[in-house]
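# Summary of structural features
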Amino acid sequence: MSFRTTALAVTLVALAACSTPPVSPDYDATRDFAAYHTWAWQTPAVRYRPDDPRVESDLTGQRIRSAVETQLDQRGLRAAPANVQADLKVQAWLIVEDRQEEVATNYGGPWGGYWGGPGYSETRTLDYKVGTLQLDFFDGKDGKLVWRASSEQVLRTTPQNPAEREAAIRKIVTRLLTQYPPRR
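Residues numbered from 1 in each chain as written. Predicted model: local features only at pLDDT ≥ 70, side-chain atom pairs only at ≥ 80, totals over all residues. Heavy atoms only, no water.

### What about the packing of aromatic side chains?
Inspection of the entire model under this criterion finds seven aromatic pairs. Judged by centre distance (6.1 Å) and plane angle (85°), the rings of tyrosine 27 and phenylalanine 33 are edge-to-face. Take phenylalanine 33: its relative accessible area is 6%, and that puts it in the buried class. In textbook terms, an aromatic cluster arises when at least three aromatic residues are bridged by ring pairs, as seen for Tyr27, Phe33, Tyr36, Phe137, Trp147 and Tyr180. (Phe/Tyr/Trp six-rings, centres within 6.5 Å; stacked < 30°, edge-to-face > 60°. Buried < 20%, exposed > 50% of the residue type's maximum accessible area, 1.4 Å probe, protein only.)

Have a look at this one:
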């Protein structure tokens, strides 16, 4: 990889890290969300795509569950006691996708290159990974999806330590659940 391509890739990842990824909420407008007071985890609580041991991790699953539990508690939803039907069933998805972006760099300009020669353009393909965290809430009685929120962001190419991973998950779960309950 050339210096220019490496610099462009680093810039792309840095810009993506600085931006706040949008949250995409959706919900069933016919539901009375004030009637939901308790929740429980759907089985499985956290699902992964792809089914790959580099993505699926008990540690990541525990971080996601902990962050969701904290946020639901702050919103007044309580975990349903064992053997009691919850008002809501909660499930999280962690989806990692490979993506590509074509980036063109122009050298020279209307008056030519560095020494007056013709300018030229170079196109490179950048490979990167995008992670999506999605939360789904199902009605505990009829099992239908009543609320969903997701957000995606470009994943860092450098490994994070456990504290950074936990902080990143807590941050995105907090952002997702700022949309719950839906405001009509």
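### As for the environment of histidine 37
Structurally, histidine 37 is set in the loop between β1 (24–27) and β2 (38–49). On the basis of relative accessibility, which here comes to 46%, the residue histidine 37 falls in the partly exposed class. Sequence-wise, histidine 37 and alanine 79 are 42 residues apart; in three dimensions their C-alpha atoms are separated by 8.7 Å. With residues near it in sequence (within four places) discarded, histidine 37 still touches Gly76, Leu77, Arg78 and Asp87. (Helix = DSSP H or I, 4+ residues; strand = E, 2+ residues; numbered from the N terminus. Contact = heavy atoms within 4.5 Å.)

### Focus on the side chain of serine 150
In this fold, serine 150 is placed in strand β6 (residues 145–154). A relative accessible area of 17% places serine 150 in the buried class. Those residues within four positions of serine 150 in sequence are excluded, and the remaining contacts are Pro22, Val23, Ser24, Thr132, Leu133, Gln134 and Leu176.

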